[in-house]
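# Geometric and topological summary
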Amino acid sequence: MGYSHSFTIQPGHDIYASMWPGLLEDAVTIVDAVKAKGIEINGPSGLGTPRLHPSRGIAFNGSRIAGSQCDSFHLDSPAPIAGADRSCRRYRYVKTDANPYDLAVCAVLLRMKMLMPDIVAVGNPGVWDDTAAGRSLVVDLFGGPDPGPDLFADPTDGLVLSLSGWVDPQLLEQAGGPAGSR
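Report on the accompanying structure.

Conventions we followed
- Residues numbered from 1 in each chain as written.
- Predicted model: local features only at pLDDT ≥ 70, side-chain atom pairs only at ≥ 80, totals over all residues.
- Heavy atoms only, no water.
- Core = buried A, V, L, I, M, F, W, Y, C linked by side-chain atoms within 4.5 Å.
- Buried < 20%, exposed > 50% of the residue type's maximum accessible area, 1.4 Å probe, protein only.
- Helix = DSSP H or I, 4+ residues; strand = E, 2+ residues; numbered from the N terminus.
- Contact = heavy atoms within 4.5 Å.
- Pairing = 2+ DSSP bridges.
- Axes fitted to C-alpha atoms, helices over the stretch in contact; angles between N-to-C directions.
- Parallel < 35°, antiparallel > 145°, perpendicular 65-115°, else oblique.
- Left-handed = near helix turned anticlockwise from the far one by under 90°.
- Nonpolar A, V, L, I, M, F, W, Y, C, P; charged D, E, K, R; others polar.

### Examining the nonpolar core
- In terms of nonpolar packing, the biggest core is built from 34 residues, with F60, F73, L75 and M112 touching the most fellow members.
- Listing elements by their share of this core, those giving two or more residues are β1 (4-9), α1 (14-36), β3 (57-60), β4 (73-75), α2 (102-115) and α3 (132-142).
- M112 has contacts with F7, I9, L23, L75 and V120, leaving out every residue within four places of it along the chain.

Below is the structure:
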């Protein structure tokens, strides 16, 4: 599968909505700092400018032209998930194959987890040392101690594996069916 990060967010949660402006500002700071290191951060297609928008969310990738892009990183702006309780979680992953833009992905995920520890889960299939550059960048930009390894968890914890992938049980309850019926 390649090197990737996985995470769950609760975009309809009140905490997410209240922390979003700060996270968006911090994401801009992170992307600018990564670019200052000579790493290309482009739009989600690997071309153009990254999307860092209050209502359209955060989305970026490496460079398609330089061949350093992989999956785009997408982070939803605050809004309830259609047809679900406000606390419903959304599971995501981003395969970066450890391309240079991984530094920005890792740093934004770490910052998000630090700001919203109770409603965000971040996972990493590698070893703790794989996140050293991202952790260092977050500490350099925002201060504080190095986030410890307990920051990472299993983002699928509590989710149900259905025929369509990982699903929050709240979505299934509202749809009125068991995991395999979707």
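### Some points on the sheet that holds β1
- Taken in spatial order, the three strands line up as β5-β1-β6 in an open sheet, and their pairing is antiparallel. Here the strands that pair on one side only, and so sit at the sheet edges, are β5 (90-95) and β6 (121-123). In this sheet, neighbouring strand axes are inclined to one another by 15° on average, regardless of whether the strands run parallel or antiparallel.
- The pairing of β1 with β5 spans six bridges and is antiparallel. Bridge assignment links S4 to a residue of β5, and that residue is K95.
- Lying over the sheet, α2 contacts β1, β5 and β6, oriented at roughly 30° with respect to β1.

### Observations concerning the packing of α1 against α2
- Close contact between α1 and α2 brings their axes to 10 Å; oriented N to C, the two are set at 155°. When the interaxial angle is binned, α1 and α2 end up roughly antiparallel. For the element pair α1 and α2, the recorded crossing hand is right-handed. Facing α1, whose interface residues are M19, L23, D26, A27, I30 and V34, α2 presents L103, A104, A107, V108, R111, M112 and L115.
- The residue makeup of the contact of α1 with α2, split by class, is eleven nonpolar, no polar and two charged.

Geometry only, nothing functional implied.
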